[in-house]
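Descriptive analysis of the structure
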Amino acid sequence: MEYEITSHRHARAVLEAKPEYTKLWNEIQQALDGITDEDIIQLHEQKYSNQKSISTALNTLIKLRMEALDWKSESPIFSSDELNFNETGRKSGVWRLDFAKESISVEVSFNHGEAIAWNL
């Protein structure tokens, strides 16, 4: 799969320069590099052919690849249970990260450009 890496506020430079981040940055790239066009097509046709977009298939593949590298998926943003559960005590799922490992978190999004502020 082809993809383009862009950097927000010099994040790429930090990830590539700091040894404590380099391993995790390489794992993110490894997860993405491991996804082929054929993987996307096959999963989309098998499970999501009723959808116009391939984003669900791609999201699923990213999740599988990241979890295989021991990244925690859908981890809560806040450490306080008060902020992670709703008023009935059920997990709200509203305040969560797509992936987290050590000191890095990753948000995956297939939105239009105008939604970037919400993701950041």
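The shown structure was predicted, so the numbers you read here are calculated from the model rather than taken from an experiment.

Moving on, we come to the side chain of Ser 73. Summarising the element assignment, Ser 73 is placed in strand E1 (residues 72–76). Look at Ser 73 and you get buried, because its relative accessible area is 18%. A distance of 2.6 Å separates a polar atom in the side chain of Ser 73 from a polar atom in the side chain of Glu 67. If near-sequence neighbours (up to four positions away) are discounted, Ser 73 is found in contact with Lys 63, Glu 67, Leu 97, Asp 98 and Phe 99.

Excluding glycine, residues mostly have negative phi values, and the peptide bonds linking residues are mostly trans. Positive phi values are uncommon outside glycine, yet Glu 74 reaches one of about 50°. Along the polypeptide, Glu 74 turns up in strand E1. The class for Glu 74 is partly exposed, based on a relative accessible area of 39%. Phi angles above zero are rare outside glycine, and Glu 102 is one such case at about 50°. You can see Glu 102 is positioned in the loop between strand E2 (96–101) and strand E3 (104–106). By relative accessible area, Glu 102 is classed as exposed at 63%.

One pass over the structure, following the stated rule, counts five salt bridges. Of the charged contacts, one joins Arg 12 and Glu 16 as a salt bridge, the two residues approaching to 3.0 Å between their closest N and O atoms. Taken together, the residues Arg 12 and Glu 16, both in helix H1 (residues 11–17) and four residues apart, mark about one turn of the helix. Classification of Glu 16 as partly exposed rests on a relative accessible area of 43%.

Cut-offs and rules
Residues numbered from 1 in each chain as written. Predicted model: local features only at pLDDT ≥ 70, side-chain atom pairs only at ≥ 80, totals over all residues. Heavy atoms only, no water. Helix = DSSP H or I, 4+ residues; strand = E, 2+ residues; numbered from the N terminus. Buried < 20%, exposed > 50% of the residue type's maximum accessible area, 1.4 Å probe, protein only. Polar contact = N/O pair within 3.5 Å; in protein donor to acceptor, adjacent residues only side chain to side chain. Contact = heavy atoms within 4.5 Å. Salt bridge = Lys/Arg side-chain N within 4 Å of Asp/Glu carboxyl O.

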